[in-house]
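In case you want the letters, here they are:
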Amino acid sequence: MVHKIVDNGDSAISIIFNEAVSEKLAIRIIKLAEFLKHEYSDELIEVIPAYQSLTLCYDPLIFSEDNLKKSIEEKLALEQEPETELTGETFKTIEIPICYEEEYAPDLAELSQYCGLSKEQVIEYHSQADYRVYMLGFLPGFLYLGGLSSKLFCPRKETPALEIEAGSVGIGGNQTGIYPVNSPGGWHIIGRTPVHLFNPQKQQPFIASPLDKIRFIPISVKEFERLSKVSL
């Protein structure tokens, strides 16, 4: 892996990878995160994987920054290239119902026009892919997904919306995702799910974990309303 280690505040360092965002890199980062959490269980407070980086938060009373960076460099030099195939490992495939009807998809027409596709084609391309969860972040339970068809790439909005409803499904650049809570946002909203992605009352508050797969299932407005009542 081509990488460098940089300071990140006064009690964290980040390993930066000089590689394009991909499923292969996502697997490498998640596996490295698991390895370092095991190797430094006493020193690290939190390990945060991202698209092209891995941030390690440490207790400066236990480990100095220079010692930690040197130790990790030595570990990485000795560690073999991590396996980037998921053969034999169990990750969930989670089906999430999505209503792409107009009342839940305020930006579908605009995105369709930009991509030169019909609304039906956008829905087909969006719902036929299996998406890999690369990481969670931005908002609690927000899933960063890989696997969006290049036919649906669309720049983010020049002026973000002040409030997007929880469950809204958006496309921004080469990414798609679901807003788990009400928030501002600059992605084009093409649908909504009645499923709650984030529930802080549960032992596992997030609907998915890194490297799980997500599959979107188109549903009608009537089915959306029925499932909304079940989700309460």
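No experiment lies behind these values; they were computed from the predicted model shown.

Undergrad: Before we go on, may I ask you to explain the packing of aromatic side chains in this structure?
TA: Each aromatic ring pair is characterised by the separation of its centres together with the angle its planes make. Under the definition given, this model contains nine aromatic pairs. Plain terms: the ring middles of F198 and F206 are 5.6 Å apart, the flat faces sit at 25 degrees to each other, and that makes the pair stacked. Grouping aromatic residues by their ring pairs yields a cluster made of Y51, Y134, F142, Y144, Y179 and W187.

Undergrad: Whenever I open this one, the nonpolar core confuses me. Can you help?
TA: Across soluble globular proteins, you tend to see nonpolar side chains buried next to one another. Within the largest apolar cluster, 26 residues are counted, with the highest numbers of intra-cluster contacts made by I214 and F216. Elements supplying a minimum of two residues to this core: β5 (93-99), α3 (108-115), β6 (130-136), β7 (143-146), β9 (168-172) and β13 (213-219). Leave out the neighbours within four places in its chain, and I214 touches I94, I96, A129, D130, Y131, V133, L143, L145 and A208. Membership of the second largest hydrophobic core comes to 20 residues, among which are I15, F17, L44 and L68.

Undergrad: When you look at the environment of C115 in this model, what are you seeing that I'm missing?
TA: Here C115 shows up in helix α3. Those residues in contact with C115 that lie beyond four places of it in its chain are K151, L152 and F153.

Undergrad: Just to check I follow, could you spell out the pattern of salt bridges for this structure?
TA: Oppositely charged side chains are able to pair whenever their charged atoms sit close together. In total, this model carries eight salt bridges according to the counting rule given. Sharing partners across several salt bridges, the network here consists of E95, D130 and R215.

Undergrad: Any chance you could explain the packing of α3 against helix α4 (residues 119-128) here in plain terms?
TA: Helix packing geometry: the angle between the two helix axes and the distance between the axes. For the pair α3 and α4, interaxial distance at closest approach is 9 Å and the crossing angle is 90 degrees. On the basis of their axis angle, the class for α3 and α4 is roughly perpendicular. Seen from α3, the contacting residues are L108, A109, L111 and S112; seen from α4, they are K119, V122 and I123. Its residues assigned to classes, the contact of α3 with α4 shows five nonpolar, one polar and one charged.

Undergrad: Hey, could you run me through the sheet that holds strand β1 (residues 3-7) in this one?
TA: Pairing between the strands of a sheet comes from backbone hydrogen bonds, and it takes one of two forms, parallel or antiparallel. Spatial ordering of the open sheet is given by β1-β2-β4-β3, a layout of four strands whose pairing is antiparallel. Only two strands of the sheet have a single partner each, and these edge strands are β1 and β3 (44-49). Averaged over all pairs of adjacent strands, the angle between strand axes in this sheet comes to 20 degrees, irrespective of strand direction. Bridge count for β1 against strand β2 (residues 12-17) is five bridges, and the pairing is antiparallel. Within the sheet, the bridge partner assigned to K4 lies in β2 and is I16. Taken strand by strand, helix α2 (residues 65-78) contacts β1, β2, β3 and β4 (53-58), and its axis lies near 170 degrees from that of β1.

Undergrad: Help me understand the side chain of S183 in this model?
TA: Residue position: S183 is located in strand β11 (residues 183-185). Not counting residues up to four positions away in its chain, the partners in contact with S183 are L139, L162, E163 and I164.

Each value, and the rule that gives it
Residues numbered from 1 in each chain as written. Predicted model: local features only at pLDDT ≥ 70, side-chain atom pairs only at ≥ 80, totals over all residues. Heavy atoms only, no water. Phe/Tyr/Trp six-rings, centres within 6.5 Å; stacked < 30°, edge-to-face > 60°. Core = buried A, V, L, I, M, F, W, Y, C linked by side-chain atoms within 4.5 Å. Buried < 20%, exposed > 50% of the residue type's maximum accessible area, 1.4 Å probe, protein only. Helix = DSSP H or I, 4+ residues; strand = E, 2+ residues; numbered from the N terminus. Contact = heavy atoms within 4.5 Å. Salt bridge = Lys/Arg side-chain N within 4 Å of Asp/Glu carboxyl O. Axes fitted to C-alpha atoms, helices over the stretch in contact; angles between N-to-C directions. Parallel < 35°, antiparallel > 145°, perpendicular 65-115°, else oblique. Nonpolar A, V, L, I, M, F, W, Y, C, P; charged D, E, K, R; others polar. Pairing = 2+ DSSP bridges.

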